[in-house]
Amino acid sequence: MGGGHLSGTKVAIKDNICTKDMPTTCSSEMLRNFTPPFDATVVTLLHNSGAQIIGKTNCDEFGMGSLNIHSIHGPVVNPWKSFSPDDRPRSAGGSSGGSAAAVAAGLCDVSLGTDTGGSVRLPASYCGIVGLKPSYGLLSRWGVVSYSDSLDCVGVLARTVDDVQKVFMTLNHHDLKDPTSLPSSVRAKASNMLSVQTFSRWDGDSSSLSGLRIGIPQEYFPTEMQPSVLHPIRSLLKELRGLGATLVPVSLPSTSYALSAYYVIASAEASSNLARFTGVEYGTYVDPPPGADRTKAAHVYAYSRSKGFGREARKRILLGTYALSADAFDNYFLQAQRIRKLVKCDFDDIFAVPNVLSSFQSQATSQPKVDVLIHPSAIRTAPPLELVSDSLDAYVQDALTVPASLAGLPALSVPAGTADDGWPVGMSVVGQWGCDDLVIRVGEVVHAAAGNN
Amino acid sequence: MRFGWRLRRRLPHVRLFSTVTQGYTDSRWPGWEVVVGLEVHAQIKSRSKLFSNSLTSNPNEPPNTSVSPYDAAFPGTLPKLNPTCVDLTLRTAIALGSQVQRRSAFDRKHYFYADLPAGYQITQHYAPIATGGQLDLETRRTIRIKQIQIEQDTGKSAFDARRRASMIDLNRAGTGLMEIVSEPDMRSPEEAGVYLRTLQAILRSVGSSDGNMEQGSLRCDVNVSVNRVGEPPGTRCEIKNLNSVKFMQVAITCEIFRQIELLEKGEFVQQETRGFDEAAARTFSLRSKEDAPDYRYMPDPNLSPLLLDQSYVDRIRFTMPELPAKTRARLMSKGLTARDADVLMSVDAGREVGFDGQVGEGAVTYFDTVATGRDPKVVVNWITHDLLGQLTARNLTFKQNPVSTQQLADLIDLVQKGLITGTSAKTLLRRMLDQRTNALPSKLAEEMSLLALPADGDTGSSELEQWCREAMDVLPSETAAAKKGNTGVVNKLVGRVMRISRGRVNALKVKEVLESMLRD
């Protein structure tokens, strides 16, 4: 490979990102033997910059899960070495659990994941590493197997913010093959807004946060949150204030509806995107047994789809199919889209930088304006694998990460110390759309500050 | 040349449409009124598919040779809208006087079928690209257009009975389609036929589709209902997938009789989707309203809404090829008769429709080129009488015409300047057709010694007089009769002179010289 600014960097790729020289299974029986005929754009960009792609990483099937337990390859075990007496294997988080674990265990320098509702940030938080979900529309999705197109983002995981930033810069280009990839003009506009609004007050200096306004959203400390994760968070906030940052309590009132809206939208799109898996053109095909009803294509496909999809994928396909049915569409799908708009408005109301993608400016509100938000990435530390189940708890893991996904905002989870159980706690820095640069720079300071704890 | 539909409009029963909408009944079903609406699917004549770079194909190509990973719905692929498909649909919308929507959007229509690899078709369910509009028929009736939407074509599947397997060909999958939906404004099977043919001609003239029903690039579904005169419209049935104008008309007729028979027995017409059995000439139930599938329409999350500003639409409008009605008016303003204009245009209708809006060169363009700086009436006579006649005699279509516009122009100029006679010109034309030469007629005329002798020059006169004498010597009895005043036989002598001169002399001049010699 020779030159290139990522020369010598070892990168692992989540197994729902297409690689033409390696299988891309999406952790699904459906694609167990599938090797795509092309590389994803992000893979091509890594190759071109001299990165060494060492392999593919485990994930929840098609990215559907928060604990990386729904996989034909088995669950991902969190490699964190805790000094706590509880040494039961814990979840690495999902769905990019393999990508996070590979970085945390030192198998590679950087990994690519995908984040639909928290699938990069949650595993980063559970494994004690850095994970970036960029603004929607910045990194190309060509070659990323769609789970929910309107939410899916390619994300970057590494042990340092610097490594994340280097790879992010490599991948941050407009791609004509992805219709949702935004042109350079829009990126430049957001960057200009950011310079005028924020960097005029805070110059990005890591030794001082003077001039930076950090919002602490009150809705991001729900009752389900483990009390023990609050200790490192409190001391971190104190540290940031000590660096000169202004901490501002803010409210994002639609947050409590975000999780349900997210599951309706993501499942609806999943039911549509996964309709292509029939085993006809590619993937696993199961012949109907003798005497089976072959009068309709759907009856024939049912055998392949029942065998090819795991429990969680089947559950979400059914949920999404229902949400799109004529009777449910208005009450579920359209209602969820309305909530999604409200969530976006919540964010636009509190950020000092205007949203370049919003056609109208938000109403003047009494809310104070902030440059970034900071909140815990998860409600708890990594749960022991033997305790996880299909219960509703698994879905609550995403409660703190889905709002930024619905709004398409950049969010970076950085390690913020450990909880009482000795397991890592992650803090998320969230910014206005296109303010990835700001989020990364603040994340760097937060990461350093947490190290001082 | 087929004048079938032009003649049909002169049939008296069709003319009734211009004056009657209510209370009109047909002698085939007295006391009943018929309501017909059409949904036409026309393949967009773009070089590449609607959302991928693979080329569009025709049905003769080997299966699965024009398929990209996107067309086969491989995971990780994404759609990319081909702007040419939008431009060509806009041409259609403008031609039909539809309102182009500033904002339209793409939706997914879900169903499982072997020829639909993604499990959904991308269409414009909630916000079509154009609404409203109308199509004026030759019968002076106007059919309103409801809407036009862009969507993907499916692949093709065929069952191989011997191997008991479904064969899937994805060449067609993802080709752009325009769905053009009419209001239920047609009142007979024949009127539906006129509508379909007129629409076909418009699509071809603007280059948005080749409208070829045999090749399947134009297909239609029809909605049919009947009601007793004076009563509101009845329950409609949809007949799917009709692939020729003739079968569509037969299918509608059969369906009308079926519905009337039910109602006359006191039964009801069920709202349902029906197929048409061409061999048995009857429609049959495919599925009832209760079995109608739930397509679970969803806005496509990959494709942002299509926003078209006025200047964009205007650019399409101002660069549109000429519409048939305008062409006819323009031709007639040049002094062509309605018949000449029709002949030119019906030949023109057979021209090749080019890809991506390139309008092929047909008979009208040919005429326009030759008529530049020449008398249009003379030019059209040469094209319709001589050139087309000779082509037909040789079993050639206009597309195969080897005579270039420069050649025909030169030929006409030679005649007009009196350098060759009409007879010689016809000989030259035949020669150009038979030998497929690129040489200009002026050159050929010289080679073949066909250049006419100057009608009034001195040099020519002596030679002409000599030929006249020759003719009079060969035909002594005719000469004698002529000298006695029998003017009728003079023409025979003229003919003889023409033969001797191999047509190089002007017949009028010959007659003049002969007459003066006969008087001597």
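Under an unreviewed UniProt entry, the name given to chain B is Glutamyl-tRNA(Gln) amidotransferase subunit B, mitochondrial, and the source organism is Neolentinus lepideus HHB14362 ss-1. You can read under Function (unreviewed entry) in the UniProt record for chain B the words "Allows the formation of correctly charged Gln-tRNA(Gln) through the transamidation of misacylated Glu-tRNA(Gln) in the mitochondria. The reaction takes place in the presence of glutamine and ATP through an activated gamma-phospho-Glu-tRNA(Gln)."

Going by what an unreviewed UniProt entry lists, chain A is known as Glutamyl-tRNA(Gln) amidotransferase subunit A, mitochondrial and is assigned to Neolentinus lepideus HHB14362 ss-1. Its UniProt record gives chain A the following Sequence similarities (unreviewed entry) comment, quoted word for word: "Belongs to the amidase family. GatA subfamily." Heading Catalytic activity (unreviewed entry) of the UniProt record for chain A holds this comment: "L-glutamyl-tRNA(Gln) + L-glutamine + ATP + H2O = L-glutaminyl-tRNA(Gln) + L-glutamate + ADP + phosphate + H(+)".

Caption draft 1: Geometry of the overall build of chain B. Looking only at helices and strands, chain B has 17 helices and 17 strands in total. The principal-axis extents of the C-alpha atoms in chain B amount to approximately 100 × 60 × 55 Å. Per-residue burial over chain B gives 52% buried out of 520 residues. Considering only contacts within chain B whose residues lie at least 6 apart along the sequence, 69% involve residues at least 24 apart. A total accessible area of about 24600 Å² is found for chain B, and carbon and sulfur atoms account for 50% of it.

Caption draft 2: Just the packing of aromatic side chains, in detail. All names here are of chain A. All told, the structure shown has 22 aromatic pairs over all chains when counted by the stated rule. When the ring of Phe62 is compared with that of Phe277, the centres are 4.9 Å apart and the planes differ by 45 degrees; the resulting orientation is tilted. Here the residue Phe62 occupies a position in the loop between β2 (52-57) and α2 (97-104), and Phe277 occupies one in the loop between α7 (255-273) and α8 (297-308), the gap between them amounting to 215 residues. Across the pair, exposure class does not vary: Phe62 and Phe277 are buried alike.

Caption draft 3: Quick look at the interface of chain B and chain A. Opposite the 29 residues of chain B that make contact, chain A presents 39 residues. Both sides together, the interface formed by chain B and chain A hides about 2700 Å², and carbon and sulfur atoms give 64% of it. For the chain B face of the interface with chain A, the top three residues by lost area are Pro75, Leu78 and Phe112 of chain B, together amounting to 25%. At the boundary of chain B and chain A, one finds one salt bridge. On the surface where chain B and chain A come into contact, there are 14 residue pairs in polar contact (both at pLDDT 80 or more). Elements that contribute at least two residues to the side of chain B that touches chain A include exactly β4 (107-110) and β16 (298-299) of chain B. In the side of chain B that touches chain A, the residues fall into 20 nonpolar, five polar and four charged.

Caption draft 4: Region of interest: the sheet that holds β16 of chain B. Residue and element names in this part refer to chain B. Taken in spatial order, the three strands make up an open sheet running β5-β4-β16, and their pairing is antiparallel. A strand with exactly one partner marks an edge of an open sheet, and here the two such strands are β5 (120-123) and β16. Here β4 runs beside β5; their pairing, made up of four bridges, is antiparallel. Each residue of the ladder has a partner; that of His110, found in β5, is Tyr120.

Caption draft 5: How the structure looks around helix α10 (residues 376-393) of chain B. Residues and elements named next belong to chain B. With 18 residues, α10 extends 24 Å between its outermost C-alpha atoms, agreeing within 8% with the 26 Å of an ideal straight helix rising 1.5 Å per residue. Residue Ile383 marks the point of greatest curvature in α10, where the axis turns by about 30 degrees. Within the span of α10, buried status applies to Pro376, Val379, Val380, Trp382, Ile383, Thr384, Asp386, Leu387, Leu388, Gln390 and Leu391. The N-cap residue of α10 is Asp375: its side-chain oxygen and the backbone nitrogen of Lys377 are 3.0 Å apart. Looking one or two residues beyond α10, the residue adopting positive phi is Asn395, at roughly 65 degrees.

Caption draft 6: Main features of the side chain of Ser225 of chain B. Structurally, Ser225 of chain B can be placed in strand β12 (residues 218-228). Apart from residues lying up to four places away in sequence, Ser225 of chain B is in contact with Glu33, Val34, Val35, Pro233, Gly234, Thr235, Arg236 and Gln259 of chain B.

Caption draft 7: Spatial organisation of the pattern of salt bridges. The tally for this structure, following the rule as stated, stands at 44 salt bridges over all chains. Between Arg159 of chain A and Asp109 of chain A there is a salt bridge whose closest N-O contact spans 3.8 Å. Placement of the pair is Arg159 of chain A in the loop between β5 (153-158) and α4 (161-171) and Asp109 of chain A in the loop between α2 and β3 (110-115), with a sequence separation of 50 residues. What makes Arg159 of chain A partly exposed here is its relative accessible area of 36%. The partly exposed category is assigned to Asp109 of chain A, whose relative accessible area is 25%. The salt bridge partner of Asp185 of chain B is Arg144 of chain B, with a shortest N-O separation of 2.7 Å. Within this pair, whereas Asp185 of chain B is found in the loop between β11 (176-182) and α4 (189-206), its partner Arg144 of chain B is found in strand β8 (residues 142-152), the two being separated by 41 residues in sequence. Asp185 of chain B sits in the buried class, given a relative accessible area of 9%.

Caption draft 8: Structural detail: helix α1 (residues 41-48) of chain A. All names here are of chain A. Restricting attention to buried positions, one finds in α1 the residues Thr41, Val42, Val43 and Leu46. For α1, the secondary structure elements touched by its buried residues are β1 (10-14), β2, β3, β5 and α4. Downstream of α1 by a residue or two, Gly50 has a phi angle that is positive, lying close to 90 degrees.

Caption draft 9: Representation of the UniProt feature "active site" (unreviewed entry) in chain A in the model. Residue and element names in this part refer to chain A. UniProt tags Lys14, Ser95 and Ser119 as "active site" (unreviewed entry). The largest pairwise C-alpha distance within this set of annotated residues, which runs over 106 residues, is 11.0 Å, so the set is compact in three dimensions. Given the relative accessible area of 0%, Lys14 is considered buried. Looking at the secondary structure, you find Ser119 in the loop between β3 and α3 (121-127). The class of Ser119 is buried, set by a relative accessible area of 5%.

Caption draft 10: Highlighting empty space enclosed by the protein. Residues and elements named next belong to chain B. As enumerated under the stated definition, the model contains eleven cavities of 30 Å³ or more in all. By volume, the largest cavity is sized at about 200 Å³. Taken together, 25 residues form the lining of the largest cavity, with Tyr70, Asp71, Ala118, Tyr120 and Gln152 sitting closest to its centre. Partitioned by chemical class, the residues of the lining of the largest cavity number ten nonpolar, eight polar and seven charged.

Each value, and the rule that gives it
Residues numbered from 1 in each chain as written. Chains lettered and ligands numbered in written order. Predicted model: local features only at pLDDT ≥ 70, side-chain atom pairs only at ≥ 80, totals over all residues. Heavy atoms only, no water. UniProt positions renumbered as here; feature names shortened; annotations may be inferred. Helix = DSSP H or I, 4+ residues; strand = E, 2+ residues; numbered from the N terminus. Buried < 20%, exposed > 50% of the residue type's maximum accessible area, 1.4 Å probe, protein only. Contact = heavy atoms within 4.5 Å. Areas by Shrake-Rupley, 256 points an atom, 1.4 Å probe, with all protein chains shown as cover. Phe/Tyr/Trp six-rings, centres within 6.5 Å; stacked < 30°, edge-to-face > 60°. Buried area = accessible area lost by both parts, 1.4 Å probe. Salt bridge = Lys/Arg side-chain N within 4 Å of Asp/Glu carboxyl O. Polar contact = N/O pair within 3.5 Å; in protein donor to acceptor, adjacent residues only side chain to side chain. Nonpolar A, V, L, I, M, F, W, Y, C, P; charged D, E, K, R; others polar. Pairing = 2+ DSSP bridges. Expected span 1.5 Å × (residues − 1). Bend = angle between axes of the 7 residues up to and from the residue. 1 Å grid on protein atoms, 1.4 Å probe; cavity = no way out; pocket = protein on both sides within 12 Å on 5 of 7 lines; lining within 4 Å. Points joined across faces, edges and corners; volume = space filled by probe spheres on them.

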